[in-house]
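# Coordinates in review
This is what each chain is made of:
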Amino acid sequence: MLQPDQNTAIVLRAWARGLAPDPVIASKDWIAGNLIVADGPRAGQLYDFSLTPYMEGILDALDDEAVNIVAVMKSAQIAYTQTAIGWMLANIATAPAHDMLIQPTIMAAQDFNRKKLQPAILSSPILRKKVRRQVSRSSEGSTALVTIFAGGSLPFARANSSG
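To keep things clear, this report deals only with the structure shown in the data block. Everything numeric in this text was worked out from a predicted model, so none of it was measured.

### Quick look at the sheet that holds strand β1 (residues 101–103)
Taking strand neighbours across the sheet as the criterion, the 3 strands line up as β1-β3-β2 in an open arrangement whose pairing is mixed. Single-partner strands in this sheet number two, and they are β1 and β2 (146–149). On average, each strand axis in the sheet is tilted by 10° relative to the strand beside it, whichever way the strands run. Together, β1, β2 and β3 (152–158) form the strand contacts of helix α5 (residues 106–122), whose direction differs from that of β3 by roughly 145°.

The structure is reproduced here in structure tokens:
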């Protein structure tokens, strides 16, 4: 049987570990170890930066607290959407907060959520545990226009005017 001093020491060590902040994980590191590609020829595999090494610099800029604006000039079909999804999901997993995703129209936002974001979430065991299941018209779960998770949410908005 443990002595009272040993019990106290064990409890205090466990308490200190519980109070310690989680380690800071760069988005690119989380993506490399956790993001499962949901569709396309690499579906079911971990995201591979060797195919898109230029995306690591974009992620470094997005992670840098001193950077306020990240502008990207790009061509089509270069894995930009997959990288953006990876960054959003890395934030949900490691630094949850209230963010917003803006698409040109509400229909585009719903399509992005249904075809891109939700399949990526469902492909990740870590995120399936953190993100509330999507149900229609619910104040408890995620919906077509908001993803809810412990510590935050990701609502989808439109950029076009109503007029």
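### Some thoughts on the pairing of β3
Two faces make up the sheet, and in a regular strand the side chains alternate between them. Of all 7 residues in β3, 5 are buried, a share of seventy percent or more. Relative to β3, β1 runs parallel, the two being bridged by 3 bridges. In the strand pairing of β3, Ile-102 is matched with Ala-157. Note that β2 and β3 share 4 bridges and pair antiparallel. Within β3, the position partnered with Thr-147 by the bridge is Leu-154. Hairpin connection of β2 to β3: 2 residues between the antiparallel strands, including Gly-151 at a positive phi of 90°.

### Describing the nonpolar core
Residues Trp-30, Leu-89 and Leu-117 are the most contacted members of the largest nonpolar core, which totals 27 residues. Of all the secondary structure elements, the ones that give two or more residues to this core are α2 (27–34), α3 (55–63), α4 (80–94), α5 and β3. If one sorts the elements of this core by residue count, α4 sits on top with 6 residues. Residues within four places of Leu-89 in sequence aside, it is in contact with Trp-30, Leu-35, Leu-117, Ala-120, Ile-121 and Leu-127.

Scoring rules and cut-offs
- Residues numbered from 1 in each chain as written.
- Predicted model: local features only at pLDDT ≥ 70, side-chain atom pairs only at ≥ 80, totals over all residues.
- Heavy atoms only, no water.
- Pairing = 2+ DSSP bridges.
- Helix = DSSP H or I, 4+ residues; strand = E, 2+ residues; numbered from the N terminus.
- Axes fitted to C-alpha atoms, helices over the stretch in contact; angles between N-to-C directions.
- Contact = heavy atoms within 4.5 Å.
- Buried < 20%, exposed > 50% of the residue type's maximum accessible area, 1.4 Å probe, protein only.
- Core = buried A, V, L, I, M, F, W, Y, C linked by side-chain atoms within 4.5 Å.

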